[in-house]
Amino acid sequence: MGCQQFALRVASTALDHHVLNVADVLDDFVGCALQELEMQAPLIASVDADMEVISRIRIHRNFLSPAALRAMKQYAQLLRLE
């Protein structure tokens, strides 16, 4: 019985140390993430306006990739079916 209790105590101590290490790393990450979010907040807040402006920009077909051209063709065919 003594060996099991000792093993349990060792395992519990190791788990405590790992939890503390993970908590420290997580705290550091959260701090960095919140700081980065604060820096990016103006960009995030303006995304709707940016998307509105971008939606009005026409791109010449010569600048589109073959995949984009295929997607546009498939989309046009889908619209004709409706």
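Here, every reference points to the structure presented above.
Below or above, wherever it landed, is the structure these notes cover. Just so it is clear, the model here is predicted, and its values are computed rather than measured.

**Quick notes on the overall build of the protein**
Counting secondary structure elements, the protein contains three helices and zero strands. For the protein, the succession of helices and strands along the chain, N to C, is α-α-α. Computed over C-alpha atoms, the radius of gyration of the protein comes to 28 Å, more than 25% over the 12 Å expected from 2.2 N^0.38 for 82 residues, which places it beyond the range of a compact globule. Once the C-alpha set of the protein is aligned to its principal axes, its extents read approximately 80 × 35 × 25 Å. Per-residue burial over the protein gives 0% buried out of 82 residues. For the protein, the exposed surface amounts to about 7,900 Å²; the carbon and sulfur share of it is 66%. Computing the positive centroid from 7 side-chain charges and the negative centroid from 10, the protein places the two 25 Å apart.

**A word on a nonpolar patch on the surface**
On the surface, V47, M51, V53, I54, I57, I59 and F63 cluster together to form a nonpolar patch covering roughly 740 Å² of accessible area. With respect to the helices and strands, the residue M51 is situated in helix α2 (residues 47-55).

**Considering the pattern of salt bridges**
Enumeration according to the criterion identifies one salt bridge in this entry. Between E52 and R56 there is a salt bridge; the shortest N-O distance is 3.3 Å. Its relative accessible area of 59% is what places R56 among the exposed residues.

**With respect to helix α1 (residues 2-45)**
Structurally, the α-helix is built with 3.6 residues per turn, so residues lying three or four positions apart point the same way. Between its first and last C-alpha, α1 extends 61 Å over 44 residues, near the 64 Å set by a 1.5 Å rise per residue. At M39, α1 is deflected by roughly 45 degrees, the largest bend along its length, and proline P42 occurs up to four residues later in sequence.

Parameters at a glance
- Residues numbered from 1 in each chain as written.
- Predicted model: local features only at pLDDT ≥ 70, side-chain atom pairs only at ≥ 80, totals over all residues.
- Heavy atoms only, no water.
- Helix = DSSP H or I, 4+ residues; strand = E, 2+ residues; numbered from the N terminus.
- Rg over C-alpha atoms; globule rule 2.2 N^0.38 Å.
- Buried < 20%, exposed > 50% of the residue type's maximum accessible area, 1.4 Å probe, protein only.
- Areas by Shrake-Rupley, 256 points an atom, 1.4 Å probe, with all protein chains shown as cover.
- Lys, Arg positive; Asp, Glu negative; His and termini not counted.
- Charge placed at Lys NZ, Arg CZ, Asp CG, Glu CD.
- Patch = residues over 30% accessible without salt bridge, like charges linked within 9 Å, V, L, I, M, F, W, Y side chains within 5 Å.
- Salt bridge = Lys/Arg side-chain N within 4 Å of Asp/Glu carboxyl O.
- Expected span 1.5 Å × (residues − 1).
- Bend = angle between axes of the 7 residues up to and from the residue.

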